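# Working through the structure, step by step
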Amino acid sequence: MTTKPRTTDDAGIPAPSDEHSLSVGPNGPLLLQDHYLIQKMAHFNRERVPERVVHAKGGGAHGILRITEDVSQFTKAKLFQKGTETPLFLRFSTVAGELGSADTARDPRGFAIKFYTEEGNYDIVGNNTPIFFIRDPQKFSDFIHSQKRRADNHLHDHNMQWDFWTLSPESAHQVTFLMTDRGTPASWRHMHGFGSHTFLWYSASGEKFWVKYHFKTDQGIQNYTAAEAAALQATDPDHHTRDLYEAIRRGDHPSWTVNVQIMPFEAAADYRFNPFDLTKVWPHSDYPEITIGTFTLNRNPGNYFAEVEQAGFEPSNLVPGIGASPDKMLQGRLFSYPDAHRYRIGPNYLQLPINAPKSPVNSYNADGPMAFRNTQDPVYAPNSAAGPAADPSLYEGEHYHVTGEILRSVYTRHAEDDDYAQPRALWENVLSGTDRAHLVSNIVGHASAPEVTSDMRKRVVEYWENVHKDLGRGVAEGLGVGD
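Quantities reported herein were computed from a predicted structural model and do not represent experimental measurements. (Residues numbered from 1 in each chain as written. Predicted model: local features only at pLDDT ≥ 70, side-chain atom pairs only at ≥ 80, totals over all residues. Heavy atoms only, no water.)

### Let's talk about the overall build of the chain
Filter applied, for reference: Only DSSP runs of H or I with at least four residues qualify as helices, and only runs of E with at least two residues qualify as strands; both kinds are numbered from the N terminus onward. The atom set for the radius of gyration is the C-alpha atoms, and the globule formula is 2.2 Å times the number of residues raised to the power 0.38. The contact definition used throughout considers only heavy atoms, calling two residues in contact when any of these lie within 4.5 Å.
Within the chain, the regular secondary structure consists of 12 helices and 12 strands. Its C-alpha atoms give the chain a radius of gyration of 23 Å, within 12% of the compact-globule value 23 Å for 483 residues. Principal axes of the C-alpha set define a box for the chain whose edges measure 80 × 55 × 45 Å. In the chain, 74% of the contacts between residues at least 6 apart in sequence involve partners at least 24 apart.

What follows is the structure in structure tokens.
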């Protein structure tokens, strides 16, 4: 048996873990002192110049959020108060492809929204799926590398995709979703969006709640089969970009209903599975969706580069009334996203019109390349020269107690934590007979690529057998495994 070399950081120091970030207890937030995680994320953000490493291909539009219901008992965030209207910019994208890739490729779709609120920008950086492939950011750059191009021949390789997925059972829920026809939506207008992560809401009285966002398309769900999507890759690789632009130009403004799931703060501790695990959804039987408003896209960009390409979304943009949860993927993205923009667009990217808040900016950040907004004296805090001062009272209610040993660990298992239970429920309770048949054929088609080895195909079958024996049997028959 060949001995594997030991992982190190770029200074040659042995890496503490390939999979787990440093947290306060198994379920607690991550720590800034995890230098290896930060090095991996910072280096990953700088791998491409100048296009985005992920979500490179996309399009977007301007719109308006309208809140129609009273949720003040759950959050004091001003943009979510009944009757409030907030301008927004939404960027759709594919995840794995490069800037010139086809819109209709099988891939999750980015669903990132920037709300220009009176308290500053609030960004929800989501997808068209309520879950994700992994639950710890330590594995994020490795996951993306497995979906990108090989180092030797610069080709995409389905074998290394399945290698990562089959070695990461937490991916099963997202891969099941991806291999259904929802992995090839007919248009951006005809798909749902999700905040995916769990967030903290806190009210003016200090009550705390956990929340998940759901954006339900009012146009109805429409998907392509694998054959239809492949045909469009050849004939119109910019199909989704064209569809959104043309719909808005002709006055057919797409809209989404904004729903939330709300969990009492205390319920998370002993919920039947970990509510902060990004590979899981909250069953509607436990926490039904509550409609709070709608948003509509009603204006196309005037310049694609200035507005779509230079748009920077960051989950760390959290306004009073909204906070982060202990979701480890969210914790990693709080650093990673703004750091990527500082590198890709520049340290003053928030001064660009598409990113600049509509509310006043009183920041002590100064200078740097392409600075447009020049900081006036005093340029430091605290000061006695009547400079801006923070108001901690705005964030009263966001704090909560955490405790635990500093360690690298998987989440503490809850009673029903299981990587295969939710994708099994998707197969058994959600997918139609046609959906199941398409799921099997899509998996078989993907795993039949010539570079996928016979040993890997066996692992693919075992992966799907863990989800459901009928699904595994169908994949095995399609791949000729076990004949």
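### Thoughts on the environment of Leu232
Position of Leu232 among the secondary structure elements: in helix α5 (residues 226-235). When sequence neighbours within four positions are dropped, the list of residues in contact with Leu232 reads Thr104, Tyr224, Pro237 and His239.

### Re the packing of aromatic side chains
Quick reminder of the rule: The pairing test for Phe, Tyr and Trp rings, Trp by its six-membered ring, is centres within 6.5 Å, and the orientation test on the planes gives stacked under 30 degrees, edge-to-face over 60, and tilted for anything in between. Classification of residues uses two cut-offs on accessible area relative to the type maximum, computed with a 1.4 Å probe and protein chains only: under 20% is buried, over 50% is exposed, and between them is partly exposed. By definition, being over a ring means that NZ of Lys or CZ of Arg is both within 6 Å of the ring centre and within 35 degrees of the ring normal.
Using the criterion set out here, one finds 34 aromatic pairs in the structure. Both rings, one in Trp210 and one in Phe276, keep their centres 4.8 Å apart while their planes meet at 80°; by these two values the pair is edge-to-face. Of the two residues, Trp210 sits in strand β8 (residues 208-217) while Phe276 sits in the loop between β9 (255-264) and β10 (290-299), which places them 66 residues apart along the sequence. No difference in accessibility class separates Trp210 from Phe276, as the two residues are buried. According to the relative accessible area criterion, Trp210 is buried, its value standing at 2%. Of the aromatic side chains, those joined through ring pairs into one cluster are Phe80, Phe92, Phe111, Phe115, Tyr122, Trp188, Phe199, Trp201, Tyr213, Phe215, Trp256 and Phe295. The aromatic ring of Tyr411 is capped on one face by Lys328, whose charged end is 4.8 Å from the ring centroid. In this structure, Arg333 packs its charged tip against the face of Phe132, placed 4.8 Å from the ring centre.

### Considerations on the environment of Gly302
Note that Gly302 resides in the loop between β10 and α7 (304-309). On a C-alpha basis, the gap between Gly302 and Ala61 in space is 9.6 Å, while along the polypeptide they are 241 residues apart.

### Comments concerning the pairing of strand β4 (residues 109-117)
Each regular strand displays side chains that alternate between the two surfaces of the sheet. Rules: Any two strands are treated as partners once DSSP identifies two or more bridges connecting them.
Counting buried positions along β4 gives nine out of nine residues, so the element sits mostly inside the fold. The two faces of β4 match: Arg109, Phe111, Ile113, Phe115 and Thr117 on one face and Gly110, Ala112, Lys114 and Tyr116 on the other face are all buried. By the bridge criterion, seven bridges tie strand β3 (residues 85-94) to β4 in an arrangement that is antiparallel. Among the inter-strand pairings, Phe92 is bridged to a residue of β4, identified as Phe111. Sheet topology places β4 next to strand β5 (residues 120-127); eight bridges connect them, and they run antiparallel. Residue pairing for β5: Ile113 is matched across the bridge by Ile124. Between the antiparallel neighbours β4 and β5 lie two residues.

### Focus on the packing of helix α1 (residues 35-44) against helix α8 (residues 328-344)
For clarity, the cut-off: Lines fitted to the C-alpha atoms define the axes, with helices restricted to the stretch that makes contact. Angles between their N-to-C directions range from 0 to 180 degrees. Crossings are sorted by hand: turned counterclockwise from the far helix by less than a right angle, the near helix makes the crossing left-handed, and turned clockwise it makes it right-handed. Any residue outside Ala, Val, Leu, Ile, Met, Phe, Trp, Tyr, Cys, Pro, Asp, Glu, Lys and Arg is labelled polar, Gly included; the first ten of those are nonpolar and the last four are charged.
With their axes 9 Å apart at the nearest point, α1 and α8 run at an angle of 35° to one another. In this structure, α1 meets α8 at a crossing whose hand is right-handed. Residues Ile38, Met41 and Ala42 of α1 lie in contact with α8, whose contacting residues are Gly332, Phe335, Ser336 and Asp339. Split by residue class, the contact of α1 with α8 holds four nonpolar, two polar and one charged.

### Some remarks on the nonpolar core
Definition in use: The term nonpolar core refers to a set of buried residues drawn from Ala, Val, Leu, Ile, Met, Phe, Trp, Tyr and Cys, joined through side-chain atoms within 4.5 Å.
Counting 40 residues, the largest nonpolar core has Trp162, Trp165, Ile443, Val460, Trp464 and Leu471 as the members making the most contacts within it. Elements represented by at least two residues in this core include exactly α2 (140-147), α3 (158-166), α4 (172-179), α9 (421-430), α10 (433-447), α11 (454-467) and α12 (469-479). Tallying contributions element by element places α11 first for this core, with six residues. Not counting the four nearest positions on each side in its chain, Ile443 is found in contact with Trp162, Met179, Val460, Trp464, Leu471 and Val475.

### Observations concerning the pattern of salt bridges
Basically, it comes down to this: Salt-bridge detection follows one rule: a side-chain nitrogen of Lys or Arg within 4 Å of a carboxyl oxygen of Asp or Glu.
Per the counting criterion, the structure on display carries 28 salt bridges. A salt bridge links Glu289 to Lys216, with the nearest nitrogen and oxygen atoms 3.0 Å apart. On the criterion of sequence distance, the pair formed by Glu289 in the loop between β9 and β10 and Lys216 in strand β8 is long-range, its members being 73 residues apart. Arg342 serves as the salt-bridge partner of Asp339, at 3.8 Å between the closest nitrogen and oxygen. Of this pair, Asp339 and Arg342 both sit in helix α8, three residues apart, which is roughly one turn of that helix. We classify Asp339 as buried; its relative accessible area is 6%. When salt bridges that share partners are traced, they join Arg135, Asp277, Lys280 and Asp419 into one network.

### Section: α2
Taking burial as the measure, the eight residues of α2 include six buried ones, the bulk of the element. Turning to α2, its buried residues are Phe140, Ser141, Phe143, Ile144, Ser146 and Gln147. The elements touched by buried residues of α2 are α1, α3 and α8.

### Quick notes on the packing of α2 against α3
Applicable threshold: Any angle between 65 and 115 degrees counts as roughly perpendicular, while under 35 counts as roughly parallel, over 145 as roughly antiparallel, and the rest as oblique.
With their axes 7 Å apart at the nearest point, α2 and α3 run at an angle of 150° to one another. One element, α2, and the other, α3, form an angle in the roughly antiparallel class. For the pair α2 and α3, contact is made by Asp142, Phe143, His145, Ser146 and Gln147 and by Met160, Gln161, Phe164 and Trp165, respectively. Within the contact of α2 with α3, the residues separate by chemical class into four nonpolar, four polar and one charged.

### Section: the side chain of Lys280
Summarising the element assignment, Lys280 is placed in the loop between β9 and β10. For Lys280, the contacting residues outside a window of four places in its chain are Pro130, Ile131, Arg135, His173, Lys212, Phe273, Asp417, Asp418, Asp419 and Gln422.

### Some points on the pairing of β10
Pairing geometry for strand β2 (residues 58-67) and β10, over six bridges, is antiparallel. Within β10, the residue paired with Ile64 across the bridge is Thr296. Of the pairings in the sheet, the one linking β9 to β10 comprises six bridges and is antiparallel in character. Opposite Val260, over in β10, you have Ile290 as the bridge partner.

### Examining the environment of Ser146
Which entries qualify depends on this criterion: Throughout this description, a polar contact denotes any pair of N or O atoms lying within 3.5 Å of each other; where both atoms belong to protein, one of them has to be capable of donating a hydrogen while the other can accept it, and for residues adjacent in sequence the pair is counted only when both atoms sit in side chains.
Following the sequence through the fold, Ser146 ends up in helix α2. Look at Ser146 and you get buried, because its relative accessible area is 7%. In the structure, Ser146 is positioned 280 residues away from Leu426 in sequence and 25 Å away in space, judged by C-alpha atoms. Among residues more than four places away in sequence, those in contact with Ser146 are Asp157, Met160, Gln161 and Phe164. Among the polar contacts made by the side chain of Ser146, one reaches the side chain of Gln147 at a distance of 2.7 Å.

Shape is all these values report; function is a separate question.
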